[in-house]
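In case you want the letters, here they are:
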Amino acid sequence: MKLFDVYPINPINIVKGVGSLVYDDKGQEYLDLYGGHAVISIGHTNTHYVKRLENQLHQIGFYSNSIEIPLQKELAEKLGRVSGKEDYQLFLVNSGAEANENALKLASFYNGKKKVIAFTGAFHGRTSLAVAVTDNPKIVAPVNETDNVIFVPWKDEAALEQTFVDNEISSVIIEGIQGVGGIQVAPESFLQKIRSLCDTHNAVFIADGIQCGYGRTGKFYSHDFAGINADIYTMAKGMGNGFPIGAISISPKIQPAYGMLGTTFGGNHLACAAALAVLEVMEQDNLLQNAATVGAYLIDELKKFKQVKEVRGRGLMIGIELPAEYAHAKKDLLFKHHIFTGEAKPNVIRLLPALNLTKAHADQFLEAFTTVINK
Ligand SMILES: Cc1ncc(COP(=O)(O)O)c(C=O)c1O
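What counts, and where the lines are drawn
- Residues numbered from 1 in each chain as written.
- Predicted model: local features only at pLDDT ≥ 70, side-chain atom pairs only at ≥ 80, totals over all residues.
- Core = buried A, V, L, I, M, F, W, Y, C linked by C-beta atoms within 7 Å.
- Buried ≥ 20, exposed ≤ 12 C-beta atoms within 10 Å, placed from the backbone.
- Domains from an automatic or database assignment.
- Contact = placed C-beta atoms within 7 Å.
- Helix = DSSP H or I, 4+ residues; strand = E, 2+ residues; numbered from the N terminus.
- Expected span 1.5 Å × (residues − 1).
- Arc of directions from axis to C-beta.
- Near = placed C-beta within 6 Å.
- Nonpolar A, V, L, I, M, F, W, Y, C, P; charged D, E, K, R; others polar.
- Axes fitted to C-alpha atoms, helices over the stretch in contact; angles between N-to-C directions.
- Parallel < 35°, antiparallel > 145°, perpendicular 65-115°, else oblique.
- Left-handed = near helix turned anticlockwise from the far one by under 90°.
- Pairing = 2+ DSSP bridges.

Colleague: Would you mind going over the nonpolar core with me for this structure?
Modeller: One recurring pattern in soluble globular proteins is that nonpolar side chains are buried together. Among the nonpolar cores identified, the biggest contains 112 residues, and Val133, Val172, Ile206, Ile232, Ala275 and Val278 are the most heavily contacted of them. Counting only domains with at least three residues in this core, you end up with domain 1 (14-46 + 286-373) and domain 2 (47-284). Other than its neighbours up to four places away in sequence, Ile232 contacts Ala103, Leu106, Ala107, Val204, Ile206, Ile248, Ser249, Ile250 and Ser251.

Rendered as structure tokens:
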């Protein structure tokens, strides 16, 4: 059997990782400012994380949601505290798409309505509803097409208001910062407008925090910058530092019922241990503060490059928009300077490093970036 060839990959075999550094099979060191699509939140092979997972594996790795799993309650309690949503309820899943799928479904169960507002440039995942609210027709299969999703232009308050007037809206789903869409920060006033329209029309505000959440911006959810509470927060990526786990954090106004949602793997012992280890390290090492500080430093320094069109983002979620003639920059950073970064179309470099990125590693990147951009 061969692999189903859907990923355009780099010819690099990473075999080891420590903190923000990774190593290939030839021993070449790389600085990882991408964390495998924003997943590595506390650094590769963090000692506490490895120990906690190892210990758990020696106890029990998995049992399904038919028995008590105290680790789930421990995780809910800790996540509620760290995220500042102690009265919310936790439902555990396995990925970002699954989190959004369940959030959209739960919203519709809650208010009995069908229409969803999503925004141009949005990415919410690849499962049925998640891909339907994603603004990329190329990845929407005919079977995923639905009349229930309305795309409103990003940041267009008037269009948003009109869409509420013209339709029975079940939910609005929005990234606090669009990631795949090119690191586009949702204005605080726009998020506040969504909150008030959802309140007026009994619609559910779904905050997709899968890429922009979990401390990456210096606040737990990037939507927090607007000083509002969403009804459902979705998360995955950084939550398990590489162990597949996702979740939705649900407002107390939405009541559960047996059988309403479900999953076989979601919330298993090993996944909970991974998520707890991540939160423990985040708290212990004050990683939200580090993300804010090192991120602000990087953004300030990057803004000094006259060749850069725009620097966008918050904390350690940074987009560097370059003119077309610098299309080589990402490849040069990787193959000449051994630095992993991400990209967004058409010409944005995305930085999504671990939240404990050091200033020294930020400087290493800035030095390489200077060389690449002055070539
Ligand atoms: C904002 C956002 N939502 C949802 C997803 C989907 O997550 P997953 O790939 O874990 O299904 C992603 C993944 O890139 C994302 O960036």
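Colleague: I tried to follow helix H3 (residues 70-83) on my own but got confused; where do I start?
Modeller: Because each turn of an α-helix spans 3.6 residues, side chains separated by three or four positions end up pointing in the same direction. Taking 1.5 Å per residue, 14 residues should reach 20 Å; H3 reaches 20 Å between its end C-alpha atoms and fits that length. For H3, the full list of buried residues reads Leu71, Gln72, Leu75, Ala76, Leu79 and Ser83. Here the buried residues of H3 occupy an arc of 140 degrees about the axis, which is enough to place them on one side. Residues of H3 that are exposed and angled more than 90 degrees away from the buried face: Pro70, Lys73, Glu77 and Arg81.

Colleague: When you look at helix H11 (residues 359-373) in this model, what are you seeing that I'm missing?
Modeller: With 15 residues, H11 should cover 21 Å at 1.5 Å per step; its first-to-last C-alpha distance of 20 Å lies within 8% of that length. The set of residues buried in H11 consists of His361, Ala362, Phe365, Phe369 and Val372. Angular distribution of buried residues about the axis of H11 spans 100 degrees; they occupy a single face of the element. Opposite its buried face, H11 presents the exposed residues Lys359, Ala360, Glu367 and Thr371, each directed more than 90 degrees away. Contacts made by the buried residues of H11 are with strand E3 (29-32), helix H9 (287-302), helix H10 (329-335) and strand E15 (339-340).

Colleague: Can you walk me through the site of the ligand in this structure?
Modeller: Residues in close proximity to the ligand total 15 residues, the closest being Gly96, Ala97, Gly125, Ile210 and Gln211. Top contributing element to the shell around the ligand by residue count: helix H4 (residues 96-111), with three residues.

Colleague: Can you walk me through the domain arrangement of the protein chain in this structure?
Modeller: Many analyses report the size of an interface as the accessible area lost when the parts associate. Considered domain by domain, the protein chain is made up of domain 1 (14-46 + 286-373) and domain 2 (47-284). Between the C-alpha centres of domain 1 and domain 2 the distance comes to 25 Å. Taken together, the contacts link 25 residues of domain 1 with 28 residues of domain 2. The set of elements that each furnish at least two residues to the side of domain 1 that touches domain 2 consists of helix H1 (35-38), H9, strand E13 (310-314), strand E14 (317-321) and strand E17 (348-351). Residue composition of the side of domain 1 that touches domain 2, grouped by class: 14 nonpolar, eight polar and three charged.

Colleague: What is the right way to look at the packing of H9 against H11 in this model?
Modeller: Where H9 meets H11, the axes come as close as 10 Å, and the angle between the chain directions of the two elements is 20 degrees. Our classification of the angle between H9 and H11 gives roughly parallel. As for the relative orientation of H9 and H11, their crossing is right-handed in sense. Between H9 and H11, the residues in contact are Val294, Tyr297, Leu298 and Glu301 and Lys359, Ala362 and Leu366, respectively. Broken down by class, the residue content of the contact of H9 with H11 amounts to five nonpolar, no polar and two charged.

Colleague: Please clarify how the packing of helix H2 (residues 47-59) against helix H8 (residues 269-284) should be interpreted in this entry.
Modeller: Packed helices, taken two at a time, are described by the angle between their axes plus the distance between the axes. Where H2 meets H8, the closest approach of the two axes is 9 Å, and the angle between their N-to-C directions is 155 degrees. Considered as vectors, H2 and H8 are oriented roughly antiparallel to each other. In this structure, H2 meets H8 at a crossing whose hand is right-handed. Residues His48, Tyr49, Arg52, Leu53, Gln56 and Leu57 of H2 pack against His269, Leu270, Ala273, Ala274, Leu276, Ala277, Val278, Glu280 and Val281 of H8.

Colleague: How do you make sense of the sheet that holds strand E12 (residues 246-250) when you look at a structure like this?
Modeller: To summarise the sheet geometry, strands pair through backbone hydrogen bonds and adopt either a parallel or an antiparallel arrangement. If you walk across this open sheet you meet the seven strands as E4-E12-E11-E10-E7-E5-E6, and the pairing is mixed. Either end of the sheet is taken by a strand with one partner, and the two such strands are strand E4 (89-93) and strand E6 (149-152). Pairs of neighbouring strands in the sheet enclose a mean axial angle of 20 degrees, with direction left out of account. Across three bridges, strand E10 (residues 204-208) lies against strand E11 (residues 232-235) in parallel orientation. Bridging from a neighbouring strand, Asp208 pairs with Thr234 of E11. Across the sheet, helix H6 (residues 157-166) touches strand E5 (115-119), E6 and strand E7 (169-175), and the angle it forms with E6 is around 155 degrees.

Colleague: For this particular structure, what's the right way to read the environment of Asp300?
Modeller: Topologically, Asp300 is positioned in helix H9. Taking the number of C-beta atoms within 10 Å as the measure of exposure, Asp300 has 10 and is therefore exposed. Considered as a pair, Asp300 and Ile173 are 127 residues apart in the sequence and their alpha carbons are 30 Å apart.

Colleague: What should I look at first to understand the sheet that holds E17 in this one?
Modeller: Reading across the sheet, the four strands line up as E13-E14-E17-E16 and stay open at both edges, with antiparallel pairing between neighbours. Of all the strands in the sheet, just E13 and strand E16 (342-344) have a single pairing partner and so form its edges. In this sheet, neighbouring strand axes are inclined to one another by 25 degrees on average, regardless of whether the strands run parallel or antiparallel. Alignment of E14 against E17, held across four bridges, turns out to be antiparallel. Paired with Ile318 across the two strands is Leu351, which belongs to E17.

Colleague: Any chance you could explain the pairing of E10 here in plain terms?
Modeller: Each regular strand shows side chains that alternate between the opposite faces of the sheet. Counting buried positions along E10 gives five out of five residues, so the element sits mostly inside the fold. Here E10 shows a buried face lined by Val204, Ile206 and Asp208 and a second buried face lined by Phe205 and Ala207. Alignment of E7 against E10, held across five bridges, turns out to be parallel. By the bridge assignment for E10, Ser171 is matched with Val204.

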